[in-house]
Amino acid sequence: MKHRKFIKENSAVAGVIEAILLIALVAIILSMIQLTYVPIMMEQKEADHMDEVSNQFSQLKSVIEIQSMMGAMGTGEPITYTPMSSPITLGSKELPYFVSARSSGQIDLIGQDDAGDHKINIQPAPADFPSGIPLTSIKYRATNFYFPKSSAEPWQEYILEGGGIILKQSDGEVMRVYQGIAVENNSDLGNIKIKYYIPLFTGVPGKKLYADYKDCYVHTNYTNHYTHSGPTAFIHIYTEYPDAWYQSLIKDDTGLLWECYDNGYINVNLDDTVTPNKVEITPGSLTITLELTIVEIGVQVGPGYVIP
């Protein structure tokens, strides 16, 4: 018969406790990174993405302006009518290995048939647009989760409307890139001449909306143009973004019509009593002469291109 002798040892217990403490330390570090640093990194990631979209919209505006100029001048055929593609990055990916959310975005075309009451009224009206010029737009909306930080539901929109680029978010709106408006101060002749190139977007069914997080291509091509010139009694701009339009026209030192407005040559007012709100431009001490070029641009969003 064998006798077994049991000896009390604490080394094994100490090893288990050490392993538990190490796991707890790793868990605490990962929790701190998840709760503190991941939101900061994702906020910066989404902010960088919105900067990228801003640059892409500026490039889209440049492409449309080149197409408009070549088309209105009657040069460059058949290149003028050939579609050009401009990429827009709709979203940004999540961080690997950590819990984070992927942002996404959507591109909408509000074309000539979709503009509704959003328009530019001129008196006397252009012969081709007796009821007003439709105020069309290409709109990008980002569904973010971290940026801007001040918003309970973070989102931002970039809108290419009337030739300008508008940035809109929950706390306001601003015209980031001004419209294609040039002003000649002919006070010695008693008038102000306003020259304005305005894009008029048209689309085809099924190619007006696209949503994802990857790149989306906006295909644009020149199709036609119209001109209008002469003395003008008023210009009324009915828009969903009246503050951005108003500030772009009369903002101190930088507004397109600031000098003429400041000298009382013309009047610029914002009327928020009507729906949609309108921005009014009327003669002051000088008359207004308008030289308007309306350029029809075909727009398709998403993969592929449909021949109209």
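Mind showing me how you'd approach the overall build of the protein chain here?
Summing up its helical and strand segments, the protein chain has 3 helices and 16 strands in all. For the protein chain, the C-alpha radius of gyration of 28 Å lies well beyond 19 Å, the compact-globule estimate for 308 residues. When the backbone C-alpha atoms are referred to their principal axes, the protein chain occupies close to 125 × 45 × 30 Å. In the protein chain, which comprises 308 residues, the share counted as buried stands at 44%. Across the protein chain, every contact between residues at least 6 apart in sequence was considered, and the portion connecting residues at least 24 apart equals 71%. Approximately 16400 Å² of the protein chain is accessible, and the part contributed by carbon and sulfur atoms is 56%. Here the protein chain carries 21 positive and 35 negative side-chain charges, and the mean point of each set is 17 Å from the other.

It is not clear to me how the layout of surface pockets should be interpreted in this structure. Could you clarify?
Empty space among the atoms becomes apparent when a probe as large as a water molecule is rolled across them. One number sums up the size of the largest pocket: a volume of about 220 Å³. For the largest pocket, the full set of lining residues is Lys-61, Ile-64, Glu-65, Ser-68, Met-69, Leu-160, Gly-163, Gly-180, Tyr-197, Ile-198, Pro-199 and Val-295. Residues of the lining of the largest pocket, tallied by class, amount to 7 nonpolar, 3 polar and 2 charged.

Could you clarify how one ought to interpret unusual backbone geometry in this entry?
Outside of glycine, negative phi angles account for most residues, and trans bonds account for most peptide bonds. Look at the link from Phe-147 to Pro-148: it is a cis peptide, with omega at 0 degrees. Mapping Pro-148 onto the fold places it in the loop between strand S5 (137-143) and strand S6 (155-161). Put simply, Thr-275 and Pro-276 share a cis peptide bond, and its omega is -5 degrees. Residue placement: Pro-276 occurs in the loop between strand S14 (266-271) and strand S15 (278-283).

I would appreciate a short explanation of a negative patch on the surface in the present structure.
On the surface, a cluster of negative charge is made up of Asp-48, Asp-51, Glu-52 and Asp-215. Here the negative patch gets 3 residues from one element, more than from any other, and that element is helix H1 (residues 11-73). With respect to the element layout, Asp-48 can be found in helix H1.

How should I be thinking about the sheet that holds strand S3 (residues 119-123) in this particular structure?
Ordered by their spatial adjacency, 5 strands build an open sheet running S4-S3-S13-S15-S14, and the pairing between neighbours is antiparallel. Looking at the sheet topology across the chains shown, the edges are occupied by strand S4 (133-134) and S14. Note: strand S13 (residues 234-238) against S15, 4 bridges, orientation antiparallel. Within S15, the position partnered with Ile-235 by the bridge is Ile-281. Taken strand by strand, helix H2 (residues 242-250) contacts S13, S14 and S15, and its axis lies near 160 degrees from that of S14.

Please clarify how empty space enclosed by the protein should be interpreted in this entry.
Counted under the stated rule, the structure contains 1 cavity of 30 Å³ or more. Taken as a whole, the largest cavity holds about 110 Å³ of empty space. As for the largest cavity, its lining consists of Ile-120, Ile-122, Ile-181, Ile-194, Tyr-196, Ile-235, Ile-237, Trp-245, Leu-257, Ile-281, Leu-290 and Leu-292. If you list the elements that add at least two residues to the lining of the largest cavity, you get S3, strand S10 (191-202), S13 and strand S16 (287-301).

Where do I start with the sheet that holds strand S9 (residues 181-186) in this structure?
Backbone hydrogen bonds hold the strands of a sheet together, and the pairing may be parallel or antiparallel. As summarised here, the arrangement of the 5 strands in space is S1-S12-S16-S10-S9, forming an open sheet in which the pairing is mixed. Every other strand in the sheet has two partners, leaving strand S1 (84-89) and S9 as the edge strands with one partner each. Across the sheet, the axes of successive neighbouring strands diverge by a mean angle of 30 degrees, strand direction being ignored. Summarising the sheet, S1 and strand S12 (residues 215-232) pair through 6 bridges and their orientation is antiparallel. Paired with Pro-87 across the bridge in S12 is Tyr-217.

Definitions and cut-offs
- Residues numbered from 1 in each chain as written.
- Predicted model: local features only at pLDDT ≥ 70, side-chain atom pairs only at ≥ 80, totals over all residues.
- Heavy atoms only, no water.
- Helix = DSSP H or I, 4+ residues; strand = E, 2+ residues; numbered from the N terminus.
- Rg over C-alpha atoms; globule rule 2.2 N^0.38 Å.
- Buried < 20%, exposed > 50% of the residue type's maximum accessible area, 1.4 Å probe, protein only.
- Contact = heavy atoms within 4.5 Å.
- Areas by Shrake-Rupley, 256 points an atom, 1.4 Å probe, with all protein chains shown as cover.
- Lys, Arg positive; Asp, Glu negative; His and termini not counted.
- Charge placed at Lys NZ, Arg CZ, Asp CG, Glu CD.
- 1 Å grid on protein atoms, 1.4 Å probe; cavity = no way out; pocket = protein on both sides within 12 Å on 5 of 7 lines; lining within 4 Å.
- Points joined across faces, edges and corners; volume = space filled by probe spheres on them.
- Nonpolar A, V, L, I, M, F, W, Y, C, P; charged D, E, K, R; others polar.
- Patch = residues over 30% accessible without salt bridge, like charges linked within 9 Å, V, L, I, M, F, W, Y side chains within 5 Å.
- Salt bridge = Lys/Arg side-chain N within 4 Å of Asp/Glu carboxyl O.
- Pairing = 2+ DSSP bridges.
- Axes fitted to C-alpha atoms, helices over the stretch in contact; angles between N-to-C directions.

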